[in-house]
Amino acid sequence: MTLSIRPATPADLPLIAQFIRDLADYEKLAHEVRFDEAKLATNLFGPRPYAEVVIGEIDGTAQGFALFFHNFSTFEGRPGIYLEDLFVRPEARGSGLGKALLAHLAKLCVTRDCARLEWWVLDWNTPSIGFYQSLGAKLMDEWTVMRVDGDALTSLAGSAG
């Protein structure tokens, strides 16, 4: 069995879209998926990409992906990598592909002089939490995630001078 990680190309867009949908199904969040593939393509592969994607393959067959982008730590004064989505198809779990994808991102962090690699995980997803902890990840349970979107985002934007 050969594991490989490669950067995604525009030709991978249908595959990326399917991985996103599969991840949403796994997380019981399929009702939240609303992306438009053309906008996704522009945001990933257009003149100003907002995120990057790597594809994980086993014996040349795509079995997973990681979608990530840079953030910035003011305390460190350096960038970091934020992993938005990591997904490995159920039949490929246990193959080492998930670890290979995370190791690839860790290597990018080191190469790009990033201070950290971070992501969110759903609190009910104990198999993933255990897996991440086995790799040295720590829970940041003293932090609470905040979000403004939809009408609240539009309203807040409207209050700007």
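Basis of the calculations
- Residues numbered from 1 in each chain as written.
- Predicted model: local features only at pLDDT ≥ 70, side-chain atom pairs only at ≥ 80, totals over all residues.
- Heavy atoms only, no water.
- Pairing = 2+ DSSP bridges.
- Helix = DSSP H or I, 4+ residues; strand = E, 2+ residues; numbered from the N terminus.
- Axes fitted to C-alpha atoms, helices over the stretch in contact; angles between N-to-C directions.
- Contact = heavy atoms within 4.5 Å.
- Phe/Tyr/Trp six-rings, centres within 6.5 Å; stacked < 30°, edge-to-face > 60°.
- Buried < 20%, exposed > 50% of the residue type's maximum accessible area, 1.4 Å probe, protein only.
- Lys NZ or Arg CZ within 6 Å of the ring centre and 35° of its normal.
- Patch = residues over 30% accessible without salt bridge, like charges linked within 9 Å, V, L, I, M, F, W, Y side chains within 5 Å.
- Areas by Shrake-Rupley, 256 points an atom, 1.4 Å probe, with all protein chains shown as cover.
- Salt bridge = Lys/Arg side-chain N within 4 Å of Asp/Glu carboxyl O.
- Expected span 1.5 Å × (residues − 1).
- Arc of directions from axis to C-beta.
- Polar contact = N/O pair within 3.5 Å; in protein donor to acceptor, adjacent residues only side chain to side chain.

Trainee: What is the right way to read the sheet that holds strand β4 (residues 78-88) from this model?
Mentor: Reading across from one edge, β1-β2-β3-β4-β5 is the order of the 5 strands in this open sheet, with mixed pairing throughout. Strands at the two margins of the open sheet, each flanked by one partner only, are β1 (3-7) and β5 (117-119). Ignoring strand direction, the axes of neighbouring strands in this sheet form an average angle of 30°. Taken together, the 10 bridges between strand β3 (residues 61-73) and β4 define a ladder with antiparallel strand orientation. The residue of β4 that forms the bridge with Phe-65 is Phe-87. The sheet strands contacting helix α1 (residues 13-26) are β2 (52-58), β3 and β4, and the helix crosses β3 at an angle near 85°.

Trainee: Would you explain the packing of aromatic side chains in this entry?
Mentor: By convention here, two paired aromatic rings are described through the distance between centres and the angle between planes. Within this structure, the stated rule accounts for 7 aromatic pairs. With a centroid separation of 6.1 Å and an interplanar angle of 50°, the aromatic rings of Tyr-26 and Trp-124 are classed as tilted. Taken together, the residues span a long stretch of sequence, with Tyr-26 in helix α1 and Trp-124 in the loop between β5 and α4 (126-134) at a distance of 98 residues. For Tyr-26, a relative accessible area of 30% gives the class partly exposed. Look at Phe-131 and Tyr-132: their rings are 5.6 Å apart centre to centre, the planes differ by 50°, and that puts the pair in the tilted class. Relative accessible area serves as the criterion here: at 30%, Phe-131 is assigned to the partly exposed category. Look at Tyr-132 and you get buried, because its relative accessible area is 11%. Members of the aromatic cluster, joined through ring pairs, are Phe-19, Phe-65 and Phe-87. Residue placement shows Lys-28 over the ring face of Trp-124; its charged tip is 4.1 Å from the ring centre. Directly above the aromatic system of Tyr-26 lies the positively charged group of Arg-93, at a separation of 4.8 Å from the ring centroid.

Trainee: I tried to follow a nonpolar patch on the surface on my own but got confused; where do I start?
Mentor: On the surface, Val-148, Leu-153 and Leu-156 cluster together into a nonpolar patch covering about 270 Å² of accessible area. Among the structural elements, Val-148 can be located in the loop between α4 and α5 (150-158). Take Val-148: its relative accessible area is 43%, and that puts it in the partly exposed class.

Trainee: Whenever I open this one, the pairing of β3 confuses me. Can you help?
Mentor: Within a regular strand, side chains alternate between the sheet's two faces. Pairing between β2 and β3: 7 bridges, direction antiparallel. Each residue of the ladder has a partner; that of Glu-57, found in β3, is Ala-62.

Trainee: Please clarify how helix α3 (residues 97-111) should be interpreted in this entry.
Mentor: In an α-helix, one turn spans 3.6 residues, which is why side chains three or four residues apart end up on the same side. Over its 15 residues, α3 extends 21 Å from the first C-alpha to the last, a length consistent with the 21 Å expected when each residue adds 1.5 Å. Those residues of α3 that fall on the buried side of the exposure criterion are Leu-97, Gly-98, Leu-101, Leu-102, Leu-105, Leu-108 and Cys-109. For α3, the angular spread of buried residues about the axis comes to 145°, placing them on one side. Exposed side chains of α3 directed beyond 90 degrees from the buried face belong to Lys-107, Val-110 and Thr-111. In this structure, the buried residues of α3 make contact with β1, β2, β3, β4, β5 and α4. Backbone geometry just downstream of α3 places Asp-113 in the positive-phi region, at approximately 55°.

Trainee: For this particular structure, what's the right way to read the side chain of Ser-73?
Mentor: Summarising the element assignment, Ser-73 is placed in strand β3. On the accessibility criterion, Ser-73 (8% relative accessible area) is buried. Within the local environment of Ser-73, its side chain forms a polar contact with the backbone nitrogen of Phe-75, the two atoms lying 3.4 Å apart. Contact partners of Ser-73, with chain neighbours within four places excluded, come to Arg-78 and Arg-116.

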